[in-house]
Amino acid sequence: MASMAARINPTQYLSRHIFNAEKSDGVDMVTQMGFYPSMDRAMVASKHRRFPVMASSSVNPRSHVETINGKKINGIHVEEADSLLGNKSIGTELVIDRGSDASLHSCLHGKFVEDRFVYRQTFVIRSYEIGPDKTATMETLMNLLQETALNHVTGSGLAGNGFGATREMSLRKLIWVVTRVHIQVERYSCWGDVVEIDTWVDAAGKNGMRRDWIIRDYHTQEIITRATSTWVIMNRETRRLSKIPDQVRQEVEPFYLNRAAIATEKIDKEKIDKLTDGTTGRIRSGLAPRWSDMDANQHVNNVKYIGWILESVPLKVLEEYDMTSMTLEFRRECRQSNLLESLTSTTASLAHEHHCNNSNDNNSINRRPDLQYTHLLRMQADKAEIVRARTEWRGKQKHILH
């Protein structure tokens, strides 16, 4: 199809036509636009058509200094074109190519909502992110949560040269490390589904930070996943934990939001018991991290642990049950040279109690699980703990690939 170009006021166009849904020739326009600062490019997409957008501007957004939640922060937020260009008399040329086959997930970037306390990003579930039952895996969900968190830091203008570290953290050779993650899944998305993820941060004690997420079905706005996590700071070179420096605290505090994705009474706070050779039901040895399992902080990516934990789960459970909840307690780092062992033990079989007490409750988060397991991932050589975990499962329902 032919290209078309129009010279318009960027602020009016972005706020009225990009971030608000509209219909064009019977096609529902998606309500997102992604910016590519290095090329001044943007992308607009619909459910059935994709439109790459080229934008030219003489403004250098990174030279802008603005106030975030009452405090001055250097940098510009992703998707904040309205506030940046609102008082500028700049002509922006948009060239829309209706013939492009650019995919939706590659062009939707995040934006700040709710007075910039919440960062929101949209994703499409891709074919290589689904499992044998044709739905997204727990690893996929955790990867999306991690991606949104990193983009939140980058989009806020705080990013230094580290993997999710702020500028002040980078100057002090500090990085964030996660100590605990708890995720509850209402249902898993299918291939091609569009999900919308919100994330925000808050203080966790004197020297920690809590990060929460909510995943929604983009079209229905149904909340399908909730997650919460606790993070602390570690020195990148000594690998020792550190207090949060005042300079770092001043960077992140303007973004703190006193809100919980999971109600306090529904968070898994119970201690995860340590498994041993005598208490475990199944052991899988010889698990070897690969070079591709390493992240930018020079240790095994946390998401990789999930796959190794599931290596010792009975195959029948993987085939016939969905994991509805997972709690991870991280104990130490893992490197590529380490051989690992995965241990799993059944905690309880709750199918009968679930049937009796929750026969009329279809909400998987509110009802009791059918199965519960305790897990341990440890070093094979010296048996040192890497991560403890607890999972809950319910019987699978048939999923339709669409």
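See the structure above.
Read on for a plain summary of the structure.

Calculation notes
- Residues numbered from 1 in each chain as written.
- Predicted model: local features only at pLDDT ≥ 70, side-chain atom pairs only at ≥ 80, totals over all residues.
- Heavy atoms only, no water.
- Core = buried A, V, L, I, M, F, W, Y, C linked by side-chain atoms within 4.5 Å.
- Buried < 20%, exposed > 50% of the residue type's maximum accessible area, 1.4 Å probe, protein only.
- Contact = heavy atoms within 4.5 Å.
- Salt bridge = Lys/Arg side-chain N within 4 Å of Asp/Glu carboxyl O.
- Helix = DSSP H or I, 4+ residues; strand = E, 2+ residues; numbered from the N terminus.
- Polar contact = N/O pair within 3.5 Å; in protein donor to acceptor, adjacent residues only side chain to side chain.
- Pairing = 2+ DSSP bridges.

### Topic: the nonpolar core
Inference 1: In terms of nonpolar packing, the biggest core is built from 62 residues, with Met138, Met142, Ile183, Tyr305 and Leu328 touching the most fellow members.
Inference 2: Excluding residues that lie within four positions of it along the chain, Ile183 makes contacts with Met138, Leu141, Met142, Leu145, Thr225, Arg226, Ala227, Thr324, Ser325 and Met326.
Inference 3: Counting residues in each nonpolar core, the second largest holds seven residues, with Val113, Val118, Ala261 and Ile262 among its members.

### Section: the pattern of salt bridges
Inference 1: Under the counting rule described, the total for this entry stands at 24 salt bridges.
Inference 2: A salt bridge links Glu237 to Lys173; its shortest N-O distance comes to 3.1 Å. Within this pair, whereas Glu237 is found in the loop between β14 (223-235) and β15 (241-242), its partner Lys173 is found in the loop between α4 (167-171) and β11 (174-185), the two being separated by 64 residues in sequence.
Inference 3: Through salt bridges with shared partners, a single network forms among Arg120, Glu196, Asp198 and Arg216.

### Regarding the side chain of Ser312
Inference 1: Considering the arrangement of structural elements, one finds Ser312 in the loop between α6 (304-310) and α7 (315-320).
Inference 2: Accessibility expressed as a relative area gives 2% for Ser312, which makes it buried.
Inference 3: A polar atom in the side chain of Ser312 sits 3.3 Å from the backbone oxygen of Ile309.
Inference 4: Of the polar contacts made by the side chain of Ser312, one reaches the side chain of Ser342; its length is 2.7 Å.
Inference 5: Not counting the four nearest positions on each side in its chain, Ser312 is found in contact with Arg282, Arg284, Ser342, Leu343 and Thr344.

### Focus: the pairing of strand β17 (residues 321-330)
Inference 1: Extensive coverage of β17 is indicated by the burial of nine of its 10 residues.
Inference 2: Sheet topology places β11 next to β17; five bridges connect them, and they run antiparallel. For Arg180, the partnering residue across the bridge sits in β17 and is Glu329.
Inference 3: The sheet contact formed by β17 and strand β20 (residues 385-395) spans nine bridges and is antiparallel. Within β20, the residue paired with Met326 across the bridge is Thr391.

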